[in-house]
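What follows is each chain in one-letter form.
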Amino acid sequence: MSTRRALRQGTRDDRGAVAILFAVLAVVLLGVGAFAVDLGQAYAKKSLLQTDVDIAVMAAVAELDQEVGCNSEVVSAAEDYLTRAGNAVPGQYPIDLGGAPGDQDGFIRCPGDWKVELWAPRSEVPLGLGRVLSDDDSFDVAARAAAQVRSPGAGGVLPFFGVQGCDYGAQTIRDDSGPTTTSAPVPALDPDSSDHNKATFTLSPTSTPEGTSSVTMTLTGKFLEEADGVGFTGVGGPPYHHVVSALTITNGGTDTITLQVPSAVLDVPDVWYVRVLEAGEWSEPHEAQRFTVGEDKLYCDTSLEGNFGTIDVPRSDSNSFTLERNIILGVEPALALHPSPSGECSGKPGSVESKSAPVDGTNCLASEPGLKISATNAGLVTGKGGLPGRLDAASTSGCSRGGDDSRTAAEVLGKHINDDLLSCYIVNGAHLSDLVAGNAVGTAALSADIFASPRFFWIPIVDTDPATGKKSWPVVSFRPGFITDQALSATRAAPGSIGALNGLVTEPSGIREVRVVLFSQDALPPTAPAVGDEVDYTGSGTKVLVLVE
């Protein structure tokens, strides 16, 4: 064979091979192109499914009313959204949210921690020419989402507790240091004497409303016939002490003293302790009797611990200045309602405590009496551990007494502090008393802006006035509150008079009292937008709905 013939033969062979290769590649490319079209259809369906399931799970979690398990409203809300005609995805299987996560017809569950997980019914994507590359006629696309109920992070839970019966209205958290007895917490009484007389007595009346201009008081008891005076010692002050020497004394088998309560006492809503003076000697501090002007304090029952106290639970971020950090940042760990509030703590079923280490879901609290002054000074004002005090902040825009973001003109411990007014956050014509009552006017009366104020907080409530020692008590509810001394008659348009430090009462050593308004959670908005600092939901209060997966 000549060379020219050989070349022509080789060219024909190459052309045949290229033709075969082109035919094969054409089929492959056609299949890949067709499969790309099928994948585009799958991507579009996946996008529609994900949008549907994201919105449906948010609708469902808004109906969640228990920490674990889906109540029927949760399932209904998810089904309602997924089955609306306008939300249908082509090729979607009929819905049935029972079964298991892998089901084609969808699934829903509420595993705990106020979370809802939702799988949408899958959508079938039929293969077109893509069947060239697959043995199947179709494949499914799926979408899943999870949402959780959270609480607004601003404010947080303060490391204090209240007691049912003293957990609404204008209350006072105070330093309860000083002599105590088995009948009542008694402050350090000033003046006092080294020796005491034997007078014992009861009072009538034991209280009077705020604003009363005249009260005639009767002391009935023993060893009163030679009294020189009757003293009133207030826990707020200053001044703390007033003495009445104009007495009417009778002895008809029982000693009786009648006197007019000083106007200086009636002008100060507070708890006052009453004693008898005779020949330079005061009656025993433990015999002092309580006389209340205005609403009773948060420690309203007569007990050693009082109806207010401090909880000192450990944190995970530091073992130093734990109480101060809990005031500044809010309590860590997350607290929760006790599942059986009528039960006991200390190892009983359902009880969770934080002792040597923080445990989320803590629902039993060990009580500590009174206000810890040093920690409160640091936590609210001076700061600790590199953190500024909770109230060492500009006022929320427009909510100071001046209608701007200025701080208080007065100083405490060398600092001007936040001056937010509770009345500033009212969005209708409600009075503060409406917030407390939780009536129709007070329902949802507050703006979600309140959560940005450092004066806003929650405290856990226990159902029994704690006894002495550190016995644990179950948390039965949480109460929202605000640090302020505004009167309950205040409104947004008429905020009334405000103390120089807007709720703080001080003496040279710093804070002696923190005055608060505790109100119904119904006054808060039912929901608030997520801003990124949300905390665990405790089972009550404003809900923040967050898409978490």
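Summarised in this report is the structure supplied together with it.

What counts, and where the lines are drawn
Residue positions are counted from 1 within each chain, in the order its sequence is given. For this predicted model, a pLDDT threshold of at least 70 governs which residues receive local features, and a threshold of 80 or more governs which side-chain atom pairs are given and counted, while totals over whole chains, interfaces and linings are taken from all residues. To get the side-chain values, take all heavy atoms of the structure and skip hydrogens and water. Only runs of H or I of at least four residues qualify as helices and only runs of E of at least two qualify as strands under DSSP, and these elements are numbered from the N terminus. The rule is simple: take the accessible area with a 1.4 Å probe, protein chains only, and divide by the maximum for that residue type; under 20% is buried, over 50% is exposed, in between is partly exposed. Contacts are residue-level and defined by heavy atoms, with any inter-residue pair within 4.5 Å sufficient. Methods summary: accessible areas were calculated by the Shrake-Rupley approach with a probe of 1.4 Å, and residue burial reflects only the protein chains presented. Pairing of aromatic rings covers Phe, Tyr and the six-membered ring of Trp, with a centre-to-centre limit of 6.5 Å; geometry is then stacked below 30 degrees between planes, edge-to-face above 60, and tilted otherwise. Only Lys NZ and Arg CZ are tested; either one counts as a charge over a ring when it is within 6 Å of the ring centre and within 35 degrees of the ring normal. The nonpolar core is taken to be a set of buried Ala, Val, Leu, Ile, Met, Phe, Trp, Tyr and Cys residues, with the residues joined through side-chain atoms within 4.5 Å. Whether two strands pair depends on DSSP finding at least two bridges between them. Positive charges come from Lys and Arg alone, negative charges from Asp and Glu alone, with His and the N- and C-terminal ends not counted. Think of a salt bridge as a Lys or Arg side-chain nitrogen and an Asp or Glu carboxyl oxygen that are within 4 Å of each other. Here, the term disulfide refers to a pair of cysteine sulfur atoms separated by no more than 2.5 Å.

Side note on the overall build of the protein
Check the secondary structure of the protein and you find six helices and 27 strands. Across the 549 residues that make up the protein, the buried fraction comes to 48%. Restricting to contacts in the protein with at least 6 residues of sequence separation, those with at least 24 account for 69%. With an accessible surface of roughly 24,100 Å², the protein has 53% of that area assigned to carbon and sulfur atoms.

Digging into the packing of aromatic side chains
Counted under the stated rule, the structure contains five aromatic pairs. Ring plane angle 90° and centroid distance 4.9 Å describe the contact between tryptophan 114 and tyrosine 537, whose orientation is recorded as edge-to-face. With a gap of 423 residues between them, tryptophan 114 in the loop between strand 1 (107–112) and strand 2 (115–119) and tyrosine 537 in the loop between strand 26 (535–536) and strand 27 (544–547) connect regions that are remote in the sequence. A relative accessible area of 9% means that tryptophan 114 is categorised as buried. Judged by relative accessible area, which is 10%, tyrosine 537 ranks as buried. Connected via pairs of aromatic rings, a cluster forms that spans Phe451, Phe456 and Trp458. The ring of tryptophan 119 has arginine 144 sitting right over it, with the charged end atom 5.0 Å from the ring centre.

Digging into the nonpolar core
Most often, soluble globular proteins keep nonpolar side chains buried together rather than apart. One finds Leu422, Leu435, Leu446, Ile450, Phe456, Phe519 and Leu524 to be the most contacted residues of the largest nonpolar core, which totals 39 residues. When residues of this core are traced back to their parent elements, those giving at least two are strand 6 (160–163), helix 6 (432–437), strand 22 (456–462), strand 23 (472–483) and strand 27. The dominant element in this core, judged by the number of residues it contributes, is strand 23, at four residues. When neighbours within four sequence positions are excluded, leucine 435 is seen to be in contact with Leu422, Gly442, Ala445, Leu446, Phe519, Ser520 and Ala523. Membership of the second largest hydrophobic core comes to 27 residues, among which are Val61, Leu97, Trp114 and Val149.

Examining the pairing of strand 25 (residues 510–518)
Across the nine residues that make up strand 25, a large majority, eight, are buried. The sheet contact formed by strand 23 and strand 25 spans three bridges and is antiparallel. Counterpart to isoleucine 483 in the pairing with strand 25 is valine 516. By the bridge criterion, four bridges tie strand 24 (residues 504–507) to strand 25 in an arrangement that is antiparallel. Across the sheet, threonine 506 pairs through a bridge with isoleucine 511, a residue of strand 25. The hairpin turn running from strand 24 into strand 25, its antiparallel successor, is two residues long.

Examining unusual backbone geometry
In this chain, serine 204 is followed by proline 205 through a cis amide linkage whose omega measures -5°. With respect to the secondary-structure elements, proline 205 resides in the loop between strand 9 (200–204) and strand 10 (207–208). Phi at phenylalanine 321 takes a positive value of approximately 55°, unusual for a residue other than glycine. Its place among the elements puts phenylalanine 321 in the loop between strand 19 (308–310) and helix 4 (322–329). According to the relative accessible area criterion, phenylalanine 321 is partly exposed, its value standing at 37%. The phi dihedral of alanine 444 is positive, around 50°, even though this residue is not glycine. If you trace the backbone, alanine 444 turns up in the loop between helix 6 and strand 22. Classification of alanine 444 as partly exposed rests on a relative accessible area of 32%.

Examining the side chain of aspartate 434
Among the secondary structure elements, aspartate 434 is positioned in helix 6. Notably, aspartate 434 is buried but unbridged: the nearest opposite-charge side chain belongs to arginine 492, and the N-O separation is 14 Å. Apart from residues lying up to four places away in sequence, aspartate 434 is in contact with Asn439, Val441 and Gly442.

Concerning the state of the cysteines
In a disulfide, the sulfur atoms of two cysteines are held together by a covalent bond. For the structure on display, the rule yields three disulfides. Bridging cysteine 70 to cysteine 110, the disulfide has an S-S length of 1.9 Å. The chirality of the disulfide connecting cysteine 70 with cysteine 110 is right-handed, given an S-S dihedral of about 100°. One end of the pair, cysteine 70, is in the loop between helix 1 (3–61) and helix 2 (72–82); the other, cysteine 110, is in strand 1, with 40 residues separating them in the sequence.

Brief notes about the pattern of salt bridges
Inspection of the entire model under this criterion finds 13 salt bridges. Salt-bridge contacts for arginine 84 lead to aspartate 80; the nearest nitrogen and oxygen are separated by 2.9 Å. Put simply, glutamate 513 and arginine 515 hold a salt bridge, and the shortest N to O gap is 3.1 Å. Accessibility expressed as a relative area gives 0% for glutamate 513, which makes it buried.

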